[in-house]
Amino acid sequence: MRIVYSHDIFSFQAYGGISRYFVELAKRIPANEAQVRIFAGLHINEYLSGTPGLIGFKLPVLKNRGVTARIINASMYVVRKRINDWAERALIRTDPQTVLHLSYYTYPPARKKLKLVVTVYDMIPELFGQYFPHQDRGARLKRLCCDRADKIIAIST
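Being a predicted model, the structure only gives us computed values, none of them experimental.

Definitions and limits used
- Residues numbered from 1 in each chain as written.
- Predicted model: local features only at pLDDT ≥ 70, side-chain atom pairs only at ≥ 80, totals over all residues.
- Heavy atoms only, no water.
- Helix = DSSP H or I, 4+ residues; strand = E, 2+ residues; numbered from the N terminus.
- Rg over C-alpha atoms; globule rule 2.2 N^0.38 Å.
- Buried < 20%, exposed > 50% of the residue type's maximum accessible area, 1.4 Å probe, protein only.
- Contact = heavy atoms within 4.5 Å.
- Lys, Arg positive; Asp, Glu negative; His and termini not counted.
- Charge placed at Lys NZ, Arg CZ, Asp CG, Glu CD.
- Expected span 1.5 Å × (residues − 1).
- Phe/Tyr/Trp six-rings, centres within 6.5 Å; stacked < 30°, edge-to-face > 60°.
- Lys NZ or Arg CZ within 6 Å of the ring centre and 35° of its normal.
- Pairing = 2+ DSSP bridges.
- Polar contact = N/O pair within 3.5 Å; in protein donor to acceptor, adjacent residues only side chain to side chain.

So, on to the overall build of the protein. For the protein, the helix and strand inventory stands at five helices and six strands. In sequence order, the secondary structure elements of the protein are arranged as β-α-α-β-β-α-β-β-α-α-β. Computed over its C-alpha atoms, the radius of gyration of the protein comes to 16 Å, within 12% of the 15 Å expected for a compact globule of 157 residues. Taking the principal axes of its C-alpha atoms as reference, the protein extends roughly 45 × 40 × 25 Å. For the protein, the proportion of its 157 residues judged to be buried stands at 38%. The long-range share in the protein, meaning contacts at least 24 apart out of those at least 6 apart in sequence, stands at 64%. Looking at the protein, you have 24 positive and 12 negative side-chain charges, and the mean spots of the two groups are 5 Å apart.

Here it is as structure tokens:
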């Protein structure tokens, strides 16, 4: 069996609990139980350095907090995401025994035979929706991922 962690969280999070969770999870799966790959693609994540099974390249991020830097970083995220989505589809197409573990809520691949695992981090926006009106798109993607998933891991309420 081959477990592939998707690029999504690594494409936009340099530091943070979710990306740290996936790096630590990948490190702790014994090699004799599964072949583990983190497909980070073109990423900005700082935790991935030296991680076994890493597929990807770290790109620089503009540190300036000005408007121009934010516009460039946001534009580069869109480019990274499109390239990474394409490359990830090619990667998971090669092996029917692949289990794809989504690292964040995104449109899941359409392959019916692909085993899909989703980690649900937080249900607070769904439980208290009146306080999170801007979370509609995120909640819909989370629901779509959970509906399509073969297994769901819940690490928080």
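Having seen it, we continue.
An ideal rise of 1.5 Å per residue puts 39 Å on 27 residues; helix 3 (residues 67-93) measures up with 39 Å between its terminal C-alpha atoms. Turning to helix 3, its buried residues are Ala69, Arg80, Lys81, Asn84, Glu88, Leu91 and Ile92.

Take the packing of aromatic side chains next. Inspection of the entire model under this criterion finds nine aromatic pairs. With a centroid separation of 5.4 Å and an interplanar angle of 80°, the aromatic rings of Phe12 and Tyr104 are classed as edge-to-face. Of the two residues, Phe12 sits in helix 1 (residues 8-12) while Tyr104 sits in the loop between strand 4 (98-102) and strand 5 (115-120), which places them 92 residues apart along the sequence. Relative to Tyr105, the ring of Tyr104 lies with its centre 5.2 Å away and its plane at 40°, an arrangement referred to as tilted. Given the relative accessible area of 12%, Tyr105 is considered buried. By way of ring pairs, the aromatic residues Tyr5, Phe12, Tyr21, Phe22, Tyr77, Tyr104, Tyr105 and Tyr121 are connected into one cluster. A cation over an aromatic ring shows up here: Arg20 above the ring of Tyr47, its NZ or CZ 4.8 Å from the ring centre.

Within strand 5, five of the six residues are buried, which leaves it mostly tucked inside the rest of the structure. Of the strand pairs in this sheet, strand 4 and strand 5 are connected by four bridges, and their pairing is parallel. What sits directly across from Val99, in strand 5, is Lys115.

What follows is about the side chain of Ser19. Relative to the helices and strands, Ser19 resides in helix 2 (residues 17-28). For Ser19, the side chain forms a polar contact with the side chain of Asn45, separated by 2.9 Å.

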